[in-house]
Amino acid sequence: MRERELFELSEMKARLEEVNSVLEIRVNAKTRALRELAANLEKEMKERTEELRRKVAESENSRVALMNMLEDMEDLRRRAEEEREKTMAIIANFSDGLMFFDARDRLALVNPRVEDYFSINKAESKNMIGGRISDIVRFAPMSSLGEIFTGSLERVSRRELFLNEKTIFEVSVLEVAGRAGKIGTLLIIHDISREKMVEKMKTEFVSIAAHQLRTPISAIKWTLRMILDGDLGPINDEQKEFLDKTYKSNERMINLINDLLNVTRIEEGRQVYNPVVADIEEIIRNLISNYEDIARQKSLVLSFEKVALIIPAVRVDLEKIKLVVSNLIENALKYTPAGGKISVALGEEDGNAMVEVTDTGIGIPAEQQDRIFTKYFRSANAIKAETEGTGLGLFIAKNIVEAHGGKIHFVSEPGRATKFSFLLPPAESD
């Protein structure tokens, strides 16, 4: 009996040991799993903590950057506001009248000078904002602008606006463009009343002086002519030579006075024209015959060419058109070196009579060509080649041609050649 109990105890012990072994294995496995889980959790916690720290740091950096940006934006806004105030102050105190139209051609800004020029108050000025030029010219004080603008903002350069007898404006329109294209249009109104008054006084002075000089100089001319022709007795060769030089100088003075009188008549609008239907070919041929001796003396070839079969008749003032052609031929003779050629051509272009004077002379410097038709202007190389000259011939020629409804222009290659040409419209049939 005791042996059986011992056996049972022995088996129970073996089972307990086996169960204990299994439990130990399971506990060890569970422990390893828990350790691995704890390690993973710890690692994950470290990573999340690090990520959280990084995000906190990034957030702090972003906050700082945002604050810096806000400070920069505030600084830029303040600067922009200061610049705007400066710009508005400049516009408000600008000596010229300024009207700015936006990209849709609607008035966006008017400065006080415009209000002063047209005698309008702040309320009237404010009411114009947002209107087109066609709306503005209907407003009584601004109606004078209708002389220049017919409802649209077209580019205008140096157009004069007569507000009254004592007030004259110069109006310009400029397109304002940015990187993205047109921003708007700026209308500039400049008061030129004083300049016009001074110019008128100068013109009147020149006119009076020229008239006063004309009579005694003409008397000198005819006296010299009588002496040279022997009407007052014989003179020797030496006396004749000196008197002939004096006569030529007196002729130059007469030509200068005539040019000055022509200029004053043009500027004052007193130039009188007596147009008649004429054959332009006959006019030119007669003029060329007057210059053939001068061309031979200077060793120049002066020729005439008719480049069209039919030349339309023109209605012109004979003396004034002769003056135009004479000025062009005389300039060619004056500024073409010996051995050169001067050709006068007569043709037709778009139904108009066309006259061309071409030379192989000194040409016109490229940087001075835009001033060639202005009063008293002579190019630098022309002054060197010929010291005498008034710079009025081409100014007079241009005004005469345009008064006949024609156009004059030129092309020039400095040092080689120049060609002046002008068009005259055909005479209207009766």
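Residues numbered from 1 in each chain as written. Predicted model: local features only at pLDDT ≥ 70, side-chain atom pairs only at ≥ 80, totals over all residues. Heavy atoms only, no water.

Trainee: Got a minute to help me understand the nonpolar core in this structure?
Mentor: A general trend in soluble globular proteins is that nonpolar side chains are found buried together. Ranked by internal contacts, the top residues of the largest apolar core, which has 51 residues, are Ile280 and Phe422. Those residues within four positions of Phe422 in sequence are excluded, and the remaining contacts are Val324, Val325, Leu328, Ala353, Met354, Val355, Val401, Lys407 and Ile408. Membership of the second largest hydrophobic core comes to 22 residues, among which are Phe101, Met128, Phe149 and Val171. (Core = buried A, V, L, I, M, F, W, Y, C linked by side-chain atoms within 4.5 Å. Buried < 20%, exposed > 50% of the residue type's maximum accessible area, 1.4 Å probe, protein only. Contact = heavy atoms within 4.5 Å.)

Trainee: Would you mind showing me how to read unusual backbone geometry here?
Mentor: Phi is mostly negative for residues that are not glycine, and the peptide bonds are mostly trans. If you check the backbone angles, Asp105 has positive phi at about 60° while not being a glycine. Since its relative accessible area comes to 23%, Asp105 is described here as partly exposed. In this structure, Ser299 takes a positive phi of about 60° despite not being glycine. Inspection of the secondary structure assignment puts Ser299 in the loop between α7 (280-297) and β7 (301-306). For Ser299, a relative accessible area of 46% corresponds to the partly exposed category. (Helix = DSSP H or I, 4+ residues; strand = E, 2+ residues; numbered from the N terminus.)

Trainee: What's the story with the pairing of strand β5 (residues 181-191) in this structure? I'm lost.
Mentor: Look at any regular strand and the pattern is simple: side chains alternate between the two faces of the sheet. Two elements, strand β1 (residues 97-102) and β5, share six bridges in a ladder whose sense is antiparallel. Of the residues in β5, the one forming a bridge with Phe100 is Leu186. The pairing of strand β4 (residues 168-178) with β5 spans 10 bridges and is antiparallel. Of the residues in β5, the one forming a bridge with Val176 is Gly184. (Pairing = 2+ DSSP bridges.)

Trainee: Please explain a nonpolar patch on the surface as it appears in this structure.
Mentor: Together, Leu66, Met67, Met69 and Leu70 make up a nonpolar patch on the protein surface, roughly 400 Å² of accessible area in all. With respect to the helices, strands and loops of the structure, Met69 is situated in helix α1 (residues 2-92). (Patch = residues over 30% accessible without salt bridge, like charges linked within 9 Å, V, L, I, M, F, W, Y side chains within 5 Å. Areas by Shrake-Rupley, 256 points an atom, 1.4 Å probe, with all protein chains shown as cover. Salt bridge = Lys/Arg side-chain N within 4 Å of Asp/Glu carboxyl O.)

Trainee: Just to check I follow, could you spell out the side chain of Asp359 for this structure?
Mentor: Tracing the chain through its elements places Asp359 in strand β10 (residues 352-359). Within the buried set, Asp359 has no salt-bridge partner at all; the shortest N-O distance to an opposite charge, 11 Å, is to Lys298. Only 2.8 Å separates the side chain of Asp359 from the backbone nitrogen of Gly361, close enough to count as a polar contact. Those residues within four positions of Asp359 in sequence are excluded, and the remaining contacts are Ala332, Thr336, Lys341, Ile342, Arg416, Ala417 and Thr418. (Lys, Arg positive; Asp, Glu negative; His and termini not counted. Polar contact = N/O pair within 3.5 Å; in protein donor to acceptor, adjacent residues only side chain to side chain.)

Trainee: Honestly, the sheet that holds strand β12 (residues 417-424) in this entry has me stumped. Any pointers?
Mentor: Across a sheet, paired strands are connected by hydrogen bonds in the backbone, their directions being either parallel or antiparallel. Reading across the sheet, the five strands line up as β7-β9-β10-β12-β11 and stay open at both edges, with mixed pairing between neighbours. Single-partner strands in this sheet number two, and they are β7 and β11 (407-413). Taken over all neighbouring pairs, the strand axes of this sheet differ in orientation by 15° on average, direction set aside. Direction of pairing for β10 relative to β12: antiparallel, over a ladder of seven bridges. Within β12, the residue paired with Glu356 across the bridge is Ser421. Strands β7, β9 (341-349), β10 and β12 of the sheet are contacted by α7, whose axis makes an angle of about 165° with β7. (Axes fitted to C-alpha atoms, helices over the stretch in contact; angles between N-to-C directions.)

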